[in-house]
Every structure is written in C-alpha cells, then in structure tokens.
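# Residue-level structural notes
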Amino acid sequence: MDRCILLFWYQQRTTPEVSESHRTTTDLRKYISILALPLLLTVACQQESDPTGIGLLPDEDLVNALRYDTANDSARISGRSYTLPITAATSPSLSVGEADGFSAQALLRWQSFPSTIADSGRIVSARLRLYTQSYAIGEKSRTMNLELREITSYWSSFTFTSDSLVNLRTKPAVVGSASVTLGDADSVDIAVDSTLIRTWFRMMTDQSYFDIRGVQLTATASGVVRAFHSAEGGTPPKLEIVMDFNGTLDTISGLLLEDTYVATGPSSVPAQRIILQGGAAARSHLFFDVDAIPPASVVNNVKLYLHIDRALSTKFYRGQDSLIVYETVDSTTNTINTTPVVSRIDGDNPDVLIAEGVTLTRLVQQWVNRRGNKGLTLVKISEISDLDRLVFYNADAAAALRPRLLITYTSQP
Amino acid sequence: MKSALLTLLLVLAAMPALAQHGGTVESRYGIGEIKSMTTARHRGMGGAGLALPSTYDISLSNPASWTSLDQLRLEMGLSFEHLSFSTDASSVSNGAVDGFQLVIPLSEAWRFRLATGLLPLSRSSYKASGVDYLDEERYTVQYEGSGGISQFRVGAAVEPVEGISIGAAYQYYFGTIEQSWELAFDNTQFFDSRQRRATNHNGSGLLFGLNARLPWGVTLAAAVSPKTSLNAARNLVFEYSTEDSTVSGASATQTLPTELSFGLSWQATNTVLFAVDYRTRDWTGAEIFDGKQSELTNSYNLNAGVEWMPFKEDIGSRTLSRTAFRLGFSLHQPYITLQGNDVQEYHITTGAGFPIFAGSRADVALSWGRRTEESPLYDTGSIIRLSMTVSVGESWFIRHRD
C-alpha cells in the first residue's frame, strides 16, 4: 500500500487501463457539462433586484444632498472693485465726447490706399463719415465739436488702452472738424485735410504704408458722449476721397479700417458697493469662504445671487442687466480664467441676477477640494462697448441684499 | 482529463459573472454575506454536517472528514436563493456557484487524503435606491455592491488511530468587493454625485478539524478556523464635475474572527442518522478595514437534522437502496444586524441524495426560512434556498486487490 503515488500514476497511464481512464474522463466531462447547464440556467434566470432595503441603512451611512447657503451659514464674504484698462478692438461702438465725468476719444486708421496715386491727380475733397448709434451720456441735444488730429505714434487697437493715452503722439493741428447736433440715427461728415491724404498716398507709393497712423477723433467739453458705429458695427466709418484725374473725377475709399476708442470714467461710486463699469472698465472680485463644506464633498450645483443697486446703476447704452462671472486666477494681477458664466435675471425679482452652470459648479468644487479659492471676478456684459455701470450691494449690506452663494453638495457618508 | 478540466475552468470562469445583484443591503457591511460552507447534503439536514461520515460527500467545514472518502472525488455545488420582502411586495433572486473541492486519496496508510478547492467565502451583492427631496429638487440615491472574497484551499487529512481523524487546510483568501453610490438629480443643471470603492483582499488562514468515531454509532467532531487578518487595499474614486476626480488608495487589515464548530452525529439504526452542529464566530471586535462596524455582532448557527435511507436494505433496487431523504432545522443569527437588535433566522430544510452515474451522486436541498425579528426588510417575508451538489468519484489512486 505504501507506494510512490507518482509511480502509480505513471503506471496507470501506461497500462491498458488507460482506456478505462479515458472513459472516466469522458464521464467527468459529461458530469461537469451537466453541472454547467443548470448553472447557466441559474445565471440566465437571475433578475435585477428591486430597490429594496434602503430603509435598513443606518443614518450615518446614507448619502444625502445638502445645502450650504452663505445667507444662512455666516460665511465670510468680501467684494472689492478695481479698474482695468481694456482694449476695445472688437467693440461695435466708438464713443467720443465728455460728459458726467466720462471722457472718450476714438482712433481710426486706414491701412490701404491705391499705391499708384502718389502726387498725381487733384484731391477735390476728403471726408470721414461717421454713423451714430442711439446711445449717449449727458445732454444728447448739445452740439458736439468733433475734431480730427493726425496721429504720429504707433498704436494698435488690440493693445491700446486708456493707459496708452500718455504715449499717444498727435500733431497739434486739426486736420478735420465738424460742429453738429446728432439725432439717434444720423451720420456726420468731417472734412479731412487733403494735405494729410496726399501724405498717405505718398507713403503707399513708398511702401511705408505701415507708417500711416490715422487720426484721433475727439469732442472736448462737449457735455455729451456719443456712440458711433465702429468697424465692427453695422455701418462702419467711411473715408471717401474725390480725385480729379485730368478732368475725370474718381472716388477713392480708405480700406482696411482699424479703429478703437478709449474712455475714462468717474470714480465717485461708494467703495462699499460692487461696481461693474463698461468702457472705462471697472470689475470686481468677490470672495466666498466655503471651508465649512467638508473636504472632498461632491458639489452638485452652485447658484450665485447678486442684488442690483438701481440707484447707482446707469443705463446710457444697452443697459443690460447682465454680467459675466469668471474664476479669479490671481487677484493681485487681476488675471482670470476666461471660461465665462453668464448671469440671468431672477424670475421672481428683476433686481437680482443669478449665475449658475457647470463652470461655476466646477469652480466651487475646486474650492471645496482645497485647491485654492481666489474667488470670482465679475465683469459687466458688453464691457468693451457700453459705458454703462452695474452696481451691486456688497457684503456689508442688509442680509437680503448681500451677495449669496447657494451650494448643493453631497458629502461622503 | 484535460477536456474535463477545461470544461471545469470554463464553468469557474463564469463565477465572476455571477456576482450580480440579488442580495440585500446587509451585504454592504462586514465582508458581505458569508457562505454557509455546507454541501447540499448538509443543508438538507438543517446545515448539520460537521460530524457526518461520508464516502462521497466532501465536507467544506471539517477537513478531518475527508479520511472517510474512498475515491478521488470532485464535488461542485450550485445554489439558488429567493428572498421575498412583504413590506413592498418585492423580491430578489440570485444563483451562485458554491465552488468546488477535489479530494485525492493518496494512501490507505492512515487513510491519507489530500484536498484542494476553490470556494466562495463571502459575497456582497445588493442594489438599493431611494428618492428624496432637497427643497424643490428631487433626487435618487442608489447604493450598489458586488464581488466577494473567495478562498483557495489546500489541505490534508489522516486517520492515525482507528476512528480518530484529523485534518488541516491552508486557505488563501482573495477577492475584491466593489461598492458604489450614486446621487442623481432630476434637474439636469445639477451634477450627479458618484463614489466607487473597491477593496481588494488577500491573506492566509488555517482550518483544523477533528473527528472521533465512538461506539454506538456516535461521531464527535470539532473544527476551528483561527483568527486571520487579511490585507485589504482600497481604492476610492470620487467623480467630481471637475476633471480631477480623486483616486485615493489606502491599506488596512480586515479580520476574520476565530470560528469554532462542534458537531455530533448518531447512526441510530442502519437507515437513520441524526446530526447536530453548533458554530459560532464573534464579529463584534472585528476590524473591517478602517475600524469596527457597529452593524456586526456575534453570529451562531445551531443546526440539526436526520437522514433516512428507507430502502437501504432493499438490495434489489440499486438506486433506491442508495437514496437518502433528509429533514432538518436550523437557527441562525447573522453576523450583520442593521436594526440595532440582533435578529435570528430559522429554517426548515429537506433534501434528498441519490446516485447518478457509477460512483457519482447528487444531493439536493430545499430550505424555507424566516426571521424572528420584524424588520423593514423581511417583516413577514421569507427566504427560500435551493441547493444542489454533484460529487463525481473515480478510483484513480487506489490499487484494488486482485
């Protein structure tokens, strides 16, 4: 009986009983197959469980959606406004004039004229035609003294801001002017000095067309700021030059118009308000402390409520009750993440703006994950074109008027 | 044989696919719902089987019993469970493979037997959901679990003294339990919350058994599975609206407390066999990954049953003479209690065993049970279990005398 198992195993495999073993193997396979059949049937018969038994879970193990409301939960809130020089290259409006503490001027240049004219022909006339928009600050009926001066320093609409004004060089001589009272849908023609036009023709021929700097349009002490269509607007400014070539009249237009405007505005708004100003841009940082939300909670939804101070807000232009919310990346350098969240008006209260959406939810999720909370940056909608002001109550206002963040979140059980 | 093993592997490969939902939220706790470690023969007798001698049925809970097997044996089990809940007139059903065991009779000296097997130890399988409101926002929370812990077993048993058998098995535990919850709002403006948690287990444990055949047809048995600490590694994934969903890993231990089992069987007559078992395991101090769970308690099983082979003497009927009928009763306190109060489960069982081919046998068992304590889950609902075990035998390693 005491034998080597492996040896016996070998013997069994080498004896004629192999056929018996083979039969057994066949039987085994048969049995296992028989076993597999009810198994597969069992699998096939399985049914999804009903949602039963949730009532058994202990309270501490339940997952619930929770609310964090800065209006109720004594969250630290702070708001701070700041001014930011902005470029208006894509603005559909060119604002010009002075009124109510605002001062605005426009810059225009044409980058192409026929290069074959140079000194040939005679300039019969040259005029800049501007088309008005209905927007105005100040007394709309006042007469504006529009003046053009030749710009001699480099500028680009994509970089020129109110801070660039100190470096702007112009010749003192007025190269065009008009004194007009403008309606809502008027146009104004300003005669342009033909000497300047001839200079530009020559520069085209000399292939130094990139030195054509254009003109500055101002209306000092006008008591009114008016908006004109820009190159981005529906009816852009036109420069039309009538030439006489040996008795044949021809009209030439300035091409490839580039324009912009810069504005500065009043700073008389109370510091305890959140101010968003278009044109002479003012933006605001808004900070909410959400550390009371347990780390690693999942943020499901975020709603930002802002209450408008109508008394301090203005609607000179489109007057949109809307703002854009951005993530503040660095509040010292005023840098933002450019993914926007656009607000809407609260259906229950037209004085309240609500911002919500995936972008805001993701942003607050980062705060909750303790990845740094630099707050929000609030920007007025149509900031580059509209010299309107939108003012909101700040953290020191009555509870119902304060900025409010309503966060829906789920914490780990 | 290769083809047979291939078929077996295919069947075993289907086992993970069985980790479907079909259990209750109770399996969310501890290491899930723990398998009873009984064959269909034992289940027909209320689960009593520790001290049952058998020439064909491979004991899952007492390695010492393996010495009574005369042939190479491969045994596989299937079970089907149907739970009905009276509270909301719903039910869950599930089927599972109860693993397989192989015993090789290596030597008749001391009746030396080697055994190996792959058996499920626990199973987490549930899907529960509920609806709630946050102010005006309606949302659904769903809890889901799947997976379980399995054990690979290698063991041996000997009978050094006539009537006294001892056995031991090394058990390697492995498996992953995945649990998740999801909170979904009806309002699409809201981001849904999801968490997935996968806990991977591995570790080693031992199982010892002792059988003593006494005069008057009495057999006493005892088994102990000493306390074991499993290594547990957990991955936790939170899905945020941001792209930086966090994955955090952590390691801890998960203890399987000591399990003590005692059994007694009595061959009252040539055709009637009685058996009774008691098994206990105190889970109150068990470490479940990162701490103790208040939902765990001391579990025990008290099982008793009778096996009757009325036609055993009828040598004219080969099949009937080897057919057994069984009845049993068991009282069981689960190790998970979600009600704050310990609840008991009692089952009435019945079953039969019969030869199928040559030395192969099949056993089937049916049990019906209820809980003693009213609960929001079961209340007057019932637990029905159907089990089947097939034992295939062949005298590969035994040289028969001419």
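Report follows, based on the coordinates.

Conventions and cut-offs
- Residues numbered from 1 in each chain as written.
- Chains lettered and ligands numbered in written order.
- Predicted model: local features only at pLDDT ≥ 70, side-chain atom pairs only at ≥ 80, totals over all residues.
- Helix = DSSP H or I, 4+ residues; strand = E, 2+ residues; numbered from the N terminus.
- Contact = placed C-beta atoms within 7 Å.
- Buried ≥ 20, exposed ≤ 12 C-beta atoms within 10 Å, placed from the backbone.
- Core = buried A, V, L, I, M, F, W, Y, C linked by C-beta atoms within 7 Å.
- Pairing = 2+ DSSP bridges.
- Axes fitted to C-alpha atoms, helices over the stretch in contact; angles between N-to-C directions.

### Brief notes about the overall build of chain B
- Assigned secondary structure in chain B consists of two helices and 19 strands.
- A fraction of 65% describes how many contacts in chain B between residues 6 or more apart in sequence connect residues 24 or more apart.

### A short note on the overall build of chain A
- Counting secondary structure elements, chain A contains four helices and 23 strands.
- Within chain A, buried positions represent 40% of all 413 residues.
- Long-range pairs, those at least 24 residues apart, make up 82% of the contacts in chain A between residues at least 6 apart in sequence.

### Notes on the nonpolar core
- Core analysis: the biggest nonpolar cluster contains 92 residues, and Val96(A), Val225(A), Val325(A) and Val364(A) have the highest contact counts within it.
- Membership of the second largest hydrophobic core comes to 28 residues, among which are Ala65(A), Tyr173(B), Phe289(B) and Tyr335(B).

### Side note on the environment of Leu57(A)
- Within the element layout of this structure, Leu57(A) appears in the loop between helix 2 (18-45) and strand 1 (65-69).
- The class of Leu57(A) is buried, set by 21 C-beta atoms lying within 10 Å.
- In this structure the C-alpha to C-alpha distance between Leu57(A) and Thr70(A), which are 13 residues apart in sequence, comes to 31 Å.
- Excluding residues that lie within four positions of it along the chain, Leu57(A) makes contacts with Leu62(A) and Val25(B).

### Focus: the sheet that holds strand 1 of chain A
Residues and elements named next belong to chain A.
- The antiparallel open sheet is built from five strands, whose spatial order is 1-23-16-20-19. The sheet is open, and its two borders are formed by strand 1 and strand 19 (344-346), each paired with just one other strand. If you compare each strand with its neighbour and ignore which way they point, the axes differ by 30 degrees on average.
- Examined bridge by bridge, strand 19 and strand 20 (residues 349-356) share three bridges and lie antiparallel to one another. Bridge assignment links Arg344 to a residue of strand 20, and that residue is Ile354.
- Against the sheet, helix 4 (residues 358-368) makes contact with strand 16 (298-307), strand 20 and strand 23 (404-410), and its axis sits at roughly 110 degrees relative to strand 16, the strand it touches most.

All quantities given are derived from atomic positions and should not be read as evidence of function.
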